[in-house]
Amino acid sequence: MSIRQVAALAGVSAATVSRVFSQPDAVAAETRNRVKAAADELGYSPNPVARSLARGRTGNLGIVVPDIANSFSAVIANAVQREAQRAGYALFIAGSNHRPDEEYRLARAIAAQVDGLLMITPGMPDERFEELTAITPVVVFNRELDGLPATLIPAVDGMTQAVEHLHALGHREIVYLEGPKVYSNEMRLRAFRAACDRLGVDRLEIDVNDHRFSAGVRAGDLVLASGATAVVAYNDEVAVGVMNR
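Residues numbered from 1 in each chain as written. Predicted model: local features only at pLDDT ≥ 70, side-chain atom pairs only at ≥ 80, totals over all residues. Heavy atoms only, no water.

Novice: Before we move on, can you summarise the packing of helix H1 (residues 3-10) against helix H2 (residues 14-22) with the specific residues and values?
Specialist: One way to put it is that H1 packs onto H2 with a least axis distance of 8 Å and a crossing angle of 100°. As the angle between them shows, H1 and H2 are arranged roughly perpendicular. Residues Ile 3, Arg 4, Val 6 and Ala 7 of H1 form the contact with H2, whose participating residues are Ala 14, Val 17 and Ser 18. (Axes fitted to C-alpha atoms, helices over the stretch in contact; angles between N-to-C directions. Helix = DSSP H or I, 4+ residues; strand = E, 2+ residues; numbered from the N terminus. Parallel < 35°, antiparallel > 145°, perpendicular 65-115°, else oblique. Contact = heavy atoms within 4.5 Å.)

Okay, here's the thing in structure tokens:
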């Protein structure tokens, strides 16, 4: 069933039929009712993609995470999906596997199909965001960029309390296992250094540049060889890997 058949039955132009379904307020009520009656009689249903394009909205949101399998990414994605559904949006989810080039490719592919894009701990260059925001609104999570709305996790207090707790237990040489070069790691490392220096604790830093359980397992022997008596890991998965080793 085509829009032209509906137009012929209703005695209007195809453009009028299109406006009835995309911009109903722009069409007189009598004409609108006649077109809808003709559409019902013929069993016509407008293409949802075409309708969304005509309205300038897709009804979709997008989210790009570093790793779909990561527990932190899963928690964030689940919360976003719940809120998106509540607002009547469908959600597209993609994982970049911590590759900035893949992250940009996925974001660019999704951007044209959504009304907004959320980037979780993005690692791609700043200039890439200018290209994305020219297509769709972008919000970043755990990264600061001029001109972009962001949600940031205040990691300083948690790291400070962790070092203070270890110091109170008598530890005077502590290792920090660094994660990927992202906002969270930068904040935690800065707080770790400040707390150790303030308390007179010898600090060691081992750059695993990873967020996964396997990175903690690999770092376990390095922690033991360092001579330190305590270790603070970038995240829970790395910490569990160290303990497993």
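Novice: Would you mind going over the nonpolar core in detail, with residue names and values included?
Specialist: Formed by 17 residues in total, the largest nonpolar core has its most connected members in Leu 117, Met 119, Phe 129, Leu 132, Val 138 and Val 140. Elements represented by at least two residues in this core include exactly helix H6 (100-111), strand S3 (117-120), helix H7 (126-133) and strand S4 (138-141). The dominant element in this core, judged by the number of residues it contributes, is H6, at five residues. Apart from the residues lying within four places of it in its own chain, the contact partners of Leu 117 are Gly 62, Ile 63, Val 64, Ala 107, Ile 110, Leu 132, Thr 136, Pro 137, Val 138 and Val 139. Counting residues in each nonpolar core, the second largest holds 15 residues, with Met 159, Ile 174, Val 182 and Val 232 among its members. (Core = buried A, V, L, I, M, F, W, Y, C linked by side-chain atoms within 4.5 Å. Buried < 20%, exposed > 50% of the residue type's maximum accessible area, 1.4 Å probe, protein only.)

Novice: Explain the sheet that holds strand S8 (residues 230-233) to me, and be specific about the residues and the numbers.
Specialist: For sheets, the rule is that strands pair by backbone hydrogen bonds, running either parallel or antiparallel. The strand order across the open sheet built from three strands is S7-S6-S8, with neighbouring strands paired in parallel fashion. Of all the strands in the sheet, just strand S7 (202-207) and S8 have a single pairing partner and so form its edges. This sheet shows a mean twist of 25° between the axes of neighbouring strands, independent of strand direction. Sheet analysis places strand S6 (residues 173-178) next to S7, joined by six bridges and oriented parallel. Counted as the bridge partner of Val 175 is Leu 204 from S7. (Pairing = 2+ DSSP bridges.)

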